[in-house]
Amino acid sequence: MVLTACGVADGANPQDAGPPRPGGTLRLGISSAPDCIDPQQASTNASLNVGRQVVDSLTDQDPETGEITPWLADRWDVDADSTSFTFHLRAGATFSDRTPVDATAVKASFDGIKALGAKALLGASYLAAYQGATVLDPATVRLDFSEPSAQFLQASSTMSLGVLAPSAYRRTAEQRCQGDGLIGSGPFVVTSFRPNQDIVLSKRTGYHWGSPLWRHQGEAYLDRIDYRVVPEPGVRTGSLVSGQLDAITDVQPVDEPQFSGSGFTEPVRANPGIVFNLHANVTRGALADDKVRQAVSKGVNRPEVTDTVLSGNYKPATSILGSATPLYTDLSRELAYDPGGATALLQSDGWVPGPDGIRVKNGQRLSAAVLYSPVFNQNQSVLELIQQQLRKIGFDLRIEQHTNSEVTRLQQSGDYDFLWYNVTRADPDILRQQFSVHGTNRSRLPADNPLEPALTAQSATVDAAQRKPAAEQAQRTIVENAYAIPVFELTQVLALAPNAHDVGFEASSRLQLFDAWVSGS
């Protein structure tokens with residue numbers, strides 16, 4: 001049996017497993033080694049899947065509807081121009097050092113994230129316009145921004161802005177990365193962290209302020225979570241089959257059939273945010289030509305990518321945003337495979353077939369390079385297939401592998417044609433961060449570009465009804481101008497042994513293990 005779920009999944013028939021029970025250890029095999037488990041500094045799934053269990057957030061986000069809901073804050077007020085957010089804190093929550101989660105602590109935590117600067121890999125962008133916090137009374141804190149920041153309400157639900165105790169900041173950022181002084185108010189605490197080996201979290205006794213979105217209240221079921229670093233996919237799947245692990249992340253497409261039946265299950269959830277895409281630098285070579293970029297988009301056969309290289313658990317892109325993102329717009333018609341249309345566009349633009357089939361114009365070869373890092377195991381195979389597809393329309397895609405740090409350096413310098421990447425976030429403002437001239441502007445667009453007004457408009461209000469038209473226009477402008485060429489939605493694919501149950505995903509498709517439990521413990 002294979003379960004496709006947005007929330008939680010059981011490792012066996014829930015009726016056979018009986019009701020959830022406390023106790024036991026979940027042995028979870030993860031594919032990469034977190035180098036930092038402080039969620040305020042981390043950005044990888046491996047790290048955030050640990051940090052999410054240790055920190056609580058001011059709000060939570062419903063993974064089904066995208067609605068922002070209470071957590072550490074009972075309620076909140078947002079001013080008319082989305083520059084001031086006042087949170088009213090619930091009573092009784094404490095950090096694991098037994099100090100209260102009060103307005104002073106919240107202010108210290110947000111000031112602490114801001115002080116991290118570039119070390120707050122995700123939080124820095126969420127707090128780019130953060131001016132400071134004001135303690136109005138012990139249970140009320142106001143956060144002010146220098147410009148409209150509608151995205152902040154969703155950001156307040158993420159682990160990247162999870163609240164740490166004031167005492168955490170007596171340790172250095174590097175110490176917190178290693179779990180030393182990582183003091184949150186979450187349902188688990190850090191017991192040990194051995195780099196490149198394992199991380200152990202233990203249940204926090206007395207916890208009773210969980211998110212109302214969770215399936216139960218009170219303490220977590222699991223006594224411990226043992227994250228074991230197992231980079232090799234075959235070893236990871238073999239360890240699950242042999243009973244040495246209870247669950248694994250990052251199941252490879254080729255391994256997925258092993259877990260169809262025999263009590264194993266595969267919880268999956270597509271990531272919200274920007275899908276895997278070819279992000280064009282429109283100032284470079286042939287990619288400065290609108291028709292060339294549009295032809296490339298028409299020449300990519302997205303269903304063939306998911307059917308051939310990936311699996312049925314992955315979706316072809318139907319917008320620059322994944323379908324799990326709030327205010328996503330279906331642009332599948334605009335992204336349909338159309339090699340005839342691509343050829344016509346290039347022909348009308350003066351690009352004619354050269355001796356090797358690659359088109360040329362005025363002595364220029366129709367070619368561009370794509371930079372990528374192997375953060376997703378199938379990246380190279382996907383790009384090689386796209387390379388074959390584009391060759392059919394006479395476009396030469398050159399594939400260049402780099403390390404993460406090299407790609408970041410080249411992206412920041414503007415020395416690239418295409419970037420290959422995805423970004424996870426359950427809010428359409430991720431488009432502003434990547435495309436705006438006030439953000440990273442990966443397309444290198446001029447200040448008067450046609451996308452900027454929509455990006456600005458969607459950031460000005462937390463009202464979804466008012467944001468939706470602007471968010472839709474932003475997606476449409478990106479796709480129609482092929483500033484970036486969406487290809488497929490990243491999907492989290494887990495596998496659970498028959499004894500593992502209720503392993504869930506939060507709204508950003510990271511793990512939520514508060515409700516998880518194991519049978520036979």
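These numbers were taken from a predicted model, which means no experiment stands behind them.

Rules behind the numbers
Every chain is numbered on its own, with residues counted from 1 as its sequence reads. Restriction of local features to residues with pLDDT of at least 70 applies here, the model being predicted, together with a cutoff of 80 or more for giving and counting side-chain atom pairs; totals for whole chains, interfaces and linings are based on all residues. The basis for every side-chain value is the complete set of heavy atoms in the structure, and neither hydrogens nor water enter the calculation. Each helix corresponds to a stretch of at least 4 residues labelled H or I by DSSP, and each strand to a stretch of at least 2 residues labelled E; elements are numbered beginning at the N terminus. Contacts are residue-level and defined by heavy atoms, with any inter-residue pair within 4.5 Å sufficient. Note on areas: Shrake-Rupley with a 1.4 Å probe; residue coverage comes only from the protein chains shown. Pairing between two strands requires that DSSP report at least two bridges joining them. When the sulfur atoms of two cysteines come within 2.5 Å, that pair is taken as a disulfide. Working definition: with a 1.4 Å probe on protein chains only, accessible area under 20% of the residue-type maximum means buried, over 50% means exposed, and in between means partly exposed. In this description, a line fitted to the C-alpha atoms serves as the axis of each element, helices being fitted only across the stretch in contact, and the angle between N-to-C directions of two axes falls anywhere from 0 to 180 degrees. Stacked, tilted and edge-to-face are the three classes assigned to paired rings of Phe, Tyr and Trp, where Trp is represented by its six-membered ring and a pair needs centres within 6.5 Å; plane angles under 30 degrees give stacked, over 60 edge-to-face, the rest tilted. Nonpolar cores were defined as sets of buried Ala, Val, Leu, Ile, Met, Phe, Trp, Tyr and Cys residues, with membership established by side-chain atoms within 4.5 Å. Between 65 and 115 degrees an angle is taken as roughly perpendicular, under 35 as roughly parallel, over 145 as roughly antiparallel, and anywhere else as oblique. A crossing counts as left-handed when the near helix is turned anticlockwise from the far one by less than a right angle, and as right-handed when that turn is clockwise. For this document, the term salt bridge refers to a Lys or Arg side-chain nitrogen within 4 Å of an Asp or Glu carboxyl oxygen. Each polar contact in these results corresponds to two N or O atoms within 3.5 Å; when the atoms are within protein, one needs to be able to donate a hydrogen and the other to accept it, and residues that are neighboring in sequence are counted only if both atoms are side-chain atoms.

Take the overall build of the chain next. Looking only at helices and strands, one finds 15 helices and 28 strands in the chain. Counting only C-alpha atoms and orienting by the principal axes, one finds that the chain spans roughly 70 × 55 × 40 Å. Sequence-distant contacts, at least 24 apart, represent 71% of the contacts inside the chain between residues at least 6 apart. Of the roughly 19,200 Å² that the chain leaves accessible, carbon and sulfur atoms contribute 50%.

Strand direction decides the pairing type here: strand S2 (residues 25-30) and strand S11 (residues 224-229), joined by 6 bridges, are parallel. Residue pairing across strands places glycine 29 opposite arginine 228, the latter belonging to S11. Taken together, the 2 bridges between S2 and strand S12 (residues 247-248) define a ladder with parallel strand orientation. Residue pairing in the sheet places leucine 28 in a bridge with alanine 247 of S12.

Turning our attention to the state of the cysteines. What the rule picks out here adds up to 1 disulfide. Covalently, cysteine 36 is tied to cysteine 177 through a disulfide, its sulfur atoms 2.1 Å apart. Note on the cysteine 36 and cysteine 177 pair: the S-S dihedral is about -80°, so by sign convention the disulfide is left-handed. Of the two residues, cysteine 36 sits in the loop between S2 and helix H2 (45-51) while cysteine 177 sits in helix H6 (residues 173-177), which places them 141 residues apart along the sequence. In this pair, the class of cysteine 36 matches that of cysteine 177, namely buried.

All right, on to the sheet that holds strand S14 (residues 273-280) then. Strand-to-strand pairing in sheets goes through backbone hydrogen bonds, with the strands running parallel or antiparallel. Pairing is mixed in the open sheet, where 6 strands are placed in the order S15-S22-S14-S21-S19-S20. For this open sheet the edge positions go to strand S15 (315-316) and strand S20 (396-401), each flanked by a neighbour on one side alone. Pairing geometry for S14 and strand S21 (residues 418-424), over 6 bridges, is antiparallel. Note on S21: the bridge partner recorded for glycine 273 is threonine 424. Against the sheet, helix H8 (residues 290-299) touches S14, S21 and strand S22 (484-489), its axis set at about 15° to S22.

Overall, the coordinates contain 20 aromatic pairs when judged by the stated rule. Aromatic pair tyrosine 314 and phenylalanine 488: ring centres 6.3 Å apart, planes at 70°, arrangement edge-to-face. Here phenylalanine 488 lies in strand S22 and tyrosine 314 lies in the loop between helix H9 (302-308) and S15, a separation of 174 residues in the sequence. Judged by relative accessible area, which is 0%, phenylalanine 488 ranks as buried.

Read from one edge of the open sheet, 4 strands run S5-S6-S8-S7, paired in antiparallel fashion. Strands at the two margins of the open sheet, each flanked by one partner only, are strand S5 (73-78) and strand S7 (130-137). Across the sheet, the mean angle separating the axes of adjacent strands is 20° when strand polarity is ignored. Of the strand pairs in this sheet, strand S6 (residues 84-89) and strand S8 (residues 140-145) are connected by 5 bridges, and their pairing is antiparallel. If you follow serine 84 over to S8, its bridge partner there is aspartate 144. Lying on the sheet, helix H3 (residues 103-116) is in contact with S6, S7 and S8; it crosses S7 at an angle near 170°.

Positionally, alanine 115 belongs in helix H3. What makes alanine 115 exposed here is its relative accessible area of 67%. Sequence spacing of alanine 115 and histidine 402 is 287 residues, and the spatial spacing of their C-alpha atoms is 30 Å.

Further remarks concern the nonpolar core. Residues Phe87, Phe110, Leu143, Phe152, Tyr227 and Leu513 are the most contacted members of the largest nonpolar core, which totals 71 residues. Broken down by element, the residue count for this core peaks at 6 residues, all from H3. With residues near it in sequence (within four places) discarded, leucine 513 still touches Leu26, Leu28, Gln53, Phe188, Leu222, Ile225, Tyr227 and Val503. In terms of nonpolar packing, the next biggest core, distinct from the first, is built from 48 residues, Phe264, Ala286, Phe376 and Leu385 among them.

What follows covers the packing of H8 against helix H10 (residues 339-348). Relative orientation of the contacting elements H8 and H10 amounts to 160°, with a least axis distance of 7 Å. By the angle class used here, H8 and H10 are roughly antiparallel. Regarding H8 and H10, the two cross each other, and that crossing is left-handed. Across the interface between the two elements, Lys291, Val292, Gln294, Ala295, Lys298 and Gly299 of H8 pack against Pro339, Gly341, Ala342, Leu345, Leu346 and Ser348 of H10.

Outside of glycine, negative phi angles account for most residues, and trans bonds account for most peptide bonds. A positive phi angle is found at asparagine 362, which is not glycine, with a value near 50°. Among the secondary structure elements, asparagine 362 is positioned in the loop between strand S17 (359-361) and strand S18 (364-365).

What follows concerns the pattern of salt bridges. Once their charged atoms are close, side chains differing in charge can pair, the charge on each being opposite to the other. Considering all chains together, one arrives at 23 salt bridges under this definition. Between aspartate 144 and arginine 142 there is a salt bridge; the shortest N-O distance is 3.1 Å. The class for aspartate 144 is buried, based on a relative accessible area of 16%. By relative accessible area, which is 27% here, arginine 142 ends up partly exposed. Across the pair arginine 476 and glutamate 334 runs a salt bridge, and its minimum N-O distance is 2.9 Å. Of this pair, arginine 476 sits in helix H15 (residues 464-480) while glutamate 334 sits in the loop between S15 and H10, placing them 142 residues apart in sequence.

As a further point, take H8. Those residues of H8 that sit buried are Val292, Arg293, Ala295, Val296, Ser297 and Gly299. Contacts made by the buried residues of H8 are with S14, H9, H10, helix H11 (379-391), S21 and S22.

Along the chain, the position of threonine 94 falls in the loop between S6 and H3. Engagement of the side chain of threonine 94 in a polar contact is seen with the side chain of arginine 204, the distance being 2.6 Å. The contacts of threonine 94, once residues within four sequence positions are left out, are Thr99, Pro100, Val101, Ser185, Arg204 and Trp209.

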